[in-house]
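If you want the building blocks of each chain, they are given just below.
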Amino acid sequence: MSKEARTSLSKAATFQDQNAVHEIFSELRREDPVAWCPELDGGRGFWSVTKYDDIQFVSKNPKLFSSDRVHGGITFETAETRRIRKISRSEGVQDKFKDLNILEAGDSMIQMDPPIHTMHRRMVAPGFSPKKLLNLSPQIRKRCVDILTQISGKGECEFISSVAAELPIQMLAELFGVDQEERTKLLEWSNVIIGGDDPDIRIDTDHTITALTEMYQYAINVHQKRREEPGDDLISMLANTEVEGKLMSMNDYVSAFILLIVAGNETTRNSISGGVLALSQHPEERQKLLDDPSIINNAVDEIIRWVHPVIYMARTALEDIKLGDKNIKKGDRLILWYMSGNRDEDKWDDPFSFNVTRNGPRHLSFGYGQHLCIGWRLAEIQLTVCIEELLKRFPDFEVKGEVKWMQSNFLNSIKHMDVHYSG
Ligand code: HEM
């Protein structure tokens, strides 16, 4: 494989043509499953891990492969992440942070290793317990029905803003215990954090500074309220639970707050929009679901395998180690390409066909091991309810016109998609 093709994997623009990227990954899985890839912009280069078993091995060995921010964290360092960091460290923002009593960037669990990771994860785990999710389920269905009622009788809608973005952000406001009116702000901040590689979404420096400081200020205000009057929402858990006899630092709290907004919102939106696109492009698969709604759980698994809302996560080797036939050196970066692992021919028959009755191993879209997505079940419930209710009301839904993808090699995100339907 050419050096250019390997290098291109670190570029967000490459992922605008997903078929071409799948070709690169198929070749790497076949010929060089742990492949050294040079990086643009003076980056230090990385190992592309493309096979299912290797991705699982790395994910379940946090003592060998770190997620910690001090080693490089879980994403590529891109021009955009550098830009946001530079802005966060600029004098203007630092002065504002000082006013807010935030002295340095904090850490969120996704960028921590055990044992500290385990402690932080335990703080919010009760918010995702089976009992909690059972209680939330009727709420999810009611909100979904309300959202679909809004588009009813119109014959067409821009699906991302009307449906796919709405349900997850409403549920996030619910989990945070904040007013629904505030969800627009949560959504806007989330876009600032993740959309910067896309020229349509990227906003100027002043806007980024304003958004970051507003978000920090908001997070701190809610924290104060929950200290005074705790509830059973996620923020109360973060604000009032002690780790080793101490409350979480304000820096870490703000980072945890941001993680939950981004992780809980964008990804679920992408699974809903990607699922609707896949069902529209494969009417025979949609028909199977209409004929037998009891296969919905299978269909949801298949949608999440197919869509891979998160394309990769990164790790850093903590010691010299052999992976596949390669000698990884301590300090080397590894990219776990879920997008590739989910199409591993050794794990699924015909992995490039979308098949809602497929029975196979668990996809990798929620990660694996130590950092397995804490919100996976919540995301699955939202996707299940959304597909069920859509099929009940608008069984002939069809995506029409150009589908516009966000420019990113991290999230597989649709930013614009028109859907037509009768009913
Ligand atoms: C389809 C939807 C979703 C997908 C595809 C997804 C994907 C992922 C992945 C791949 C990871 C693992 C990161 C790693 O190994 O480094 C992760 C972790 C995480 N996810 Fe999700 N996620 C989804 C929905 C959610 C939701 C709804 C929430 C919360 C409301 C959430 C919160 C988190 C958190 C807090 C972590 C960090 C867990 C840890 O570090 O232990 N996610 N997610």
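Details of the structure are given in the entry above.
Presented here is a report on the structure given in the accompanying data block. Remember, predicted model here, so these are calculated numbers, not experimental data.

In this section: the packing of aromatic side chains. Evaluated as defined, the whole model comprises 17 aromatic pairs. Seen in terms of ring centroids, Phe 15 and Trp 337 are 5.7 Å apart; in terms of plane orientation they differ by 20°. Their pairing is stacked. Here Phe 15 is found in the loop between α1 (3-8) and α2 (18-31), whereas its partner Trp 337 is found in strand β10 (residues 333-337), with 322 residues between them in sequence. Taken individually, Phe 15 and Trp 337 each receive the classification buried, so the pair is uniform in this respect. Ring geometry for Tyr 253 against Phe 257: centres 6.2 Å apart, planes inclined by 50°, an arrangement best described as tilted. Here Phe 257 and Tyr 253 lie together in helix α13 (residues 250-281), a separation of four residues that amounts to about one turn. Neither Tyr 253 nor Phe 257 differs from the other in exposure class; each is buried. Through successive ring pairs, a cluster of aromatic residues spans Phe 15, Phe 25, Phe 46, Phe 76, Tyr 312, Trp 337 and Phe 410.

The subject of this paragraph is the site of the ligand. Among the 26 residues in the neighbourhood of the ligand, the closest are listed as His 117, Arg 121, Arg 315, His 371 and Cys 373. In the model, an oxygen atom of the ligand is placed 2.6 Å from a nitrogen or oxygen of the His 117 side chain. A distance of 2.6 Å is found between an oxygen atom of the ligand and a side-chain nitrogen or oxygen belonging to His 371. Secondary structure elements with two or more residues in the shell around the ligand: α6 (116-124), α13 and β7 (312-317). Top element by residues in the shell around the ligand is α13. It accounts for six residues.

In this section: the coordination of the iron atom of the ligand. Within the protein, a single donor atom binds the iron atom of the ligand, namely Cys 373 (SG) at 2.3 Å. Here Cys 373 is to be found in the loop between α16 (338-341) and α17 (376-393).

What counts and what doesn't
Residues numbered from 1 in each chain as written. Predicted model: local features only at pLDDT ≥ 70, side-chain atom pairs only at ≥ 80, totals over all residues. Heavy atoms only, no water. Phe/Tyr/Trp six-rings, centres within 6.5 Å; stacked < 30°, edge-to-face > 60°. Helix = DSSP H or I, 4+ residues; strand = E, 2+ residues; numbered from the N terminus. Buried < 20%, exposed > 50% of the residue type's maximum accessible area, 1.4 Å probe, protein only. Near = heavy atom within 4 Å. Polar contact = N/O pair within 3.5 Å; in protein donor to acceptor, adjacent residues only side chain to side chain. Donors = N, O, S within 2.8 Å, 3.2 Å for Na, K, Ca; no water.

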